[in-house]
Structure formats: structure tokens, C-alpha cells
Amino acid sequence: METLNLSNLTIDIIRKDIKNMHLAVYPPNGRIRLSAPKNTDNEMMRLFAISKISWIKKHIKNFETQPRETPREFISGESYYLLGKRYLLKVIEHNEVPKVVLKHKTLELYVRPDTSSEKREAIIEEWYRNQLKALVPKLIEKWEKVIGVQSNAYGIKKMRTKWGTCNTTAKRIWLNLELAKKPIECIEFIIAHELVHLLERSHNDRFVSYMNEFMPKWRFYREELNNLPFRYVNWKY
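Residues numbered from 1 in each chain as written. Predicted model: local features only at pLDDT ≥ 70, side-chain atom pairs only at ≥ 80, totals over all residues. Heavy atoms only, no water.

### Some words on the pairing of strand β6 (residues 85–93)
Cut-off, in case you're wondering: Should DSSP find at least two bridges between two strands, the strands are taken to pair. A helix here means a DSSP run of H or I that spans at least four residues, while a strand means a run of E at least two residues long, and both kinds are numbered starting from the N terminus.
Strand direction decides the pairing type here: strand β5 (residues 79–82) and β6, joined by four bridges, are antiparallel. Each residue of the ladder has a partner; that of Y80, found in β6, is Y87. The turn linking β5 back onto β6 is made up of two residues, and L83 within it adopts a positive phi angle of 50°. In the sheet, β6 pairs with strand β8 (residues 106–111) via six bridges, with the strands oriented parallel. Of the residues in β8, the one forming a bridge with L88 is T106.

### As for the environment of W143
Here is the rule: Burial here depends on accessible area, computed with a 1.4 Å probe over protein chains only, as a share of the maximum for the residue type. Under 20% is buried, over 50% is exposed, and the range in between is partly exposed. Working rule for contacts: check all heavy atoms of both residues, and any pair within 4.5 Å makes them a contact.
Its location among the elements puts W143 in helix α3 (residues 117–147). Given a relative accessible area of 8%, W143 falls into the buried group. Taking C-alpha positions, W143 is 18 Å from R206, a pair spaced 63 residues apart along the chain. In this structure, W143 is in contact with G148, E188, I191, A192, L195, F214 and M215, ignoring residues within four places of it in sequence.

### Thoughts on the packing of aromatic side chains
Counted only if it meets this: Ring pairs shown here join Phe, Tyr and Trp side chains whose ring centres sit within 6.5 Å, with only the six-membered ring taken for Trp; geometry is labelled stacked below 30 degrees between planes, edge-to-face above 60, and tilted in between. By definition here, charges over rings are those cases where NZ of Lys or CZ of Arg is within 6 Å of the ring centre and within 35 degrees of the ring normal.
One pass over the structure, following the stated rule, counts five aromatic pairs. Centroid distance W127 to Y128: 5.3 Å. Interplanar angle 55°. Geometry classified as tilted. Both residues of the pair, W127 and Y128, count as buried. Ring geometry for F220 and Y221: centres 5.8 Å apart, planes at 70°, overall edge-to-face. What makes Y221 buried here is its relative accessible area of 19%. For the cation-ring pair, K157 lies above W174, with the distance from its terminal atom to the ring centre recorded as 4.5 Å.

### A look at the sheet that holds strand β9 (residues 153–157)
The line we're drawing: An axis is simply a line fitted to the C-alpha atoms; with a helix, the fit covers only the stretch in contact. Between two such axes, the angle follows the N-to-C directions and lies from 0 to 180 degrees.
With mixed pairing, the three strands of this open sheet are ordered in space as β9-β11-β10. Each having just a single partner strand, β9 and β10 (164–167) make up the two edges of the open sheet. Across the sheet, the axes of successive neighbouring strands diverge by a mean angle of 20°, strand direction being ignored. Looking at chain direction, β9 and strand β11 (residues 172–176) are connected through five bridges and run parallel. Bridging from a neighbouring strand, K157 pairs with N176 of β11. The strands touched by α3 within the sheet are β9 and β11, with β9 carrying the most contacts at an inclination of about 150°. Relative to the sheet, helix α4 (residues 184–196) contacts β10 and β11, its axis offset from that of β10 by approximately 25°.

### Here's the deal with unusual backbone geometry
A positive phi is found at D114, a non-glycine position, where the angle reads about 70°. Inspection of the secondary structure assignment puts D114 in the loop between β8 and α3. Phi is positive for K171, close to 55°, though the residue is something other than glycine. Within the fold, K171 resides in the loop between β10 and β11.

### Observations concerning the environment of K162
Following the sequence through the fold, K162 ends up in the loop between β9 and β10. Each C-alpha atom, one on K162 and one on C186, is 13 Å from the other, the two residues being 24 residues apart in sequence. Apart from residues lying up to four places away in sequence, K162 is in contact with Y26, R33 and N176.

Shown next, in the form of C-alpha cells:
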């Protein structure tokens, strides 16, 4: 991968079949990516990046000061979130099929004795996945009608640097499993964002105009989402 070193920053260069250059800064540690048309010369990319230095540093600072969840051991007393609401985990041992039961203020995890923390994590992640599966289709249908597009499929997976993606050719959107923990308006923002990519692939002025039209408060929801704690991950980059 090409890189550009500028003002003590390393910027990854991605050459794509696009018309304009775009910069993005990704959580959790402020990885920077510059997408540029395939034939853009290096000096043009350098000058473009220089013009965005203050914007880049602002976003990196935001990520550095953003709270992180502490590492989870999947034991009683830990905090877990569903749709923005906090629950305390209560681990209950039994000799039946593992399950998760949501109560008023607690999340009850039923597991067999001596179940490892890795297995407990897998059980809870599957429960989160099922919560999203029960919610997402109706939200996609809602925003398809608002935006006037039709997707072919959606999927849920763990993603390190994105809340969602859209394969515009297959008309398939992917959602980050971590969204199950976030307020529903944040989930709707990501769904609307990815569906708008079926009208405009790039994050250009046309894309922003569509977002302003279909979800006038989208910037507020983006800010809310990006200010919520990140899940603890042993990041390797």
C-alpha cells in the first residue's frame, strides 16, 4: 500500500475509480486514509492532505480522548449495553443449554459450570447478533421507503474500523455487531448512511445533500455514536 508521510502523520493512499479525493480518519486510533483517483500525482495528494491537516488532527484528538470499555471477563457485576441502555451481567450456572435472559436491570447469562470466558463471550455475541436480526429488517424497510432505494441483503459482522459498509454492486449492506449496544437512532443513522450509498458511492457533496434531505439530524446522530465508548479490543495496528 502507498503511504504519504506528512507532519508526523502516516496517511494510507488508496487509488480508486473515483473523480475526487476524499480523506477519512478511522477509530480507534486515528488511522488516516486518502482515497484518490487512479491517476492522481503524488504532489496533488500531498497538497490536498496539507489543506486538511487541522481537520485530521482534530479527529485524531477526538479518538484519543474517547472513552474505551474495560476488558471484559464475562463475570457477574460487569456492565453491558443494549440499544444504549445499561444492564448488569448476572452469571447463573446450570446444566442445560446456555441462554441469555434480559431482565429490567440485569442481563442473565445461563451457562454450564466451568464454561470458559471465551465461550461466554461467544454466547453473548450470538445473543447480540440475534437482537440486531430482530430489529434491522424493519429499520432497513423503513429507510428504503424514505430514501427510495431497494437493497438485496444485509449482514452483521464484527468490524474493527467501520460501523457499516455497502457493496453497491450487490446492493448488500453490512452492519457492525457492536451497533446492538448503541441507541436505536444511531443504528438508524448507519442504516440510512449505507442505503444512501446506493444513490451515491462516494462521500461527496451529493452524498451529504442526500443525507441532509433524508435525515436532517444525521450529524447529531453521528456525533452521538462517535462519542460513545468503544468496545475493548486488543488492537494490532
